[in-house]
Amino acid sequence: MNDNDPYESLADDCVEIGTVIREDDTILALDISGPEAWSEFDTLKSEAARIGSGNCQISYGAIDESGQTVIYAMFDFDCAAEKLIFQMQNNQ
């Protein structure tokens, strides 16, 4: 440890959290497809509403592609931390 900086870490492979999470990185775009697309989308909407402030804005469009539903969804969270939590909880 550096005598001049009591907060210096000796750990390898450490990065400043700001280099991993940008403050303005709040939008998550997902393509959801398959026979259970609407059910999965409804579950994701519910999960997003439970994260942080609960103010996630969701927009979407759906098409039928070769007989299969494809939902193009955009989740806009209040902050990057909410987006990260949502992604980690839902493996997105």
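Small disclaimer: the values here were computed from a predicted structure and weren't measured.

What counts, and at which threshold
- Residues numbered from 1 in each chain as written.
- Predicted model: local features only at pLDDT ≥ 70, side-chain atom pairs only at ≥ 80, totals over all residues.
- Heavy atoms only, no water.
- Pairing = 2+ DSSP bridges.
- Helix = DSSP H or I, 4+ residues; strand = E, 2+ residues; numbered from the N terminus.
- Axes fitted to C-alpha atoms, helices over the stretch in contact; angles between N-to-C directions.
- Contact = heavy atoms within 4.5 Å.
- Salt bridge = Lys/Arg side-chain N within 4 Å of Asp/Glu carboxyl O.
- Buried < 20%, exposed > 50% of the residue type's maximum accessible area, 1.4 Å probe, protein only.

Peer 1: Before we go on, may I ask you to explain the sheet that holds strand β2 (residues 57-65) in this structure?
Peer 2: Sheet strands line up and pair through hydrogen bonds in the backbone, either parallel or antiparallel. The strand order β1-β3-β2 describes an open sheet built from three strands, whose pairing is antiparallel. Each of the sheet's edge strands pairs with one partner strand only, and the pair in question is β1 (27-33) and β2. With direction set aside, neighbouring strand axes in the sheet form an average angle of 15 degrees. In this sheet, strand β3 (residues 68-76) lies alongside β2 in antiparallel orientation, the contact comprising nine bridges. By the bridge assignment, Asp-64 is partnered in β3 with Thr-69. Helix α1 (residues 37-49) rests against β1, β2 and β3 of the sheet, and its axis sits at about 10 degrees to β3.

Peer 1: Explain the pattern of salt bridges here, please?
Peer 2: Two side chains that carry opposite charge are able to pair once their charged atoms sit near each other. One pass over the structure, following the stated rule, counts three salt bridges. Lys-83 serves as the salt-bridge partner of Asp-25, at 2.7 Å between the closest nitrogen and oxygen. Residue Asp-25 is located in the segment before β1, and its partner Lys-83 is located in helix α2 (residues 80-90); the two are separated by 58 residues in the primary sequence. Put simply, Arg-50 and Glu-47 hold a salt bridge, and the shortest N to O gap is 3.6 Å. By relative accessible area, Arg-50 is classed as exposed at 60%.

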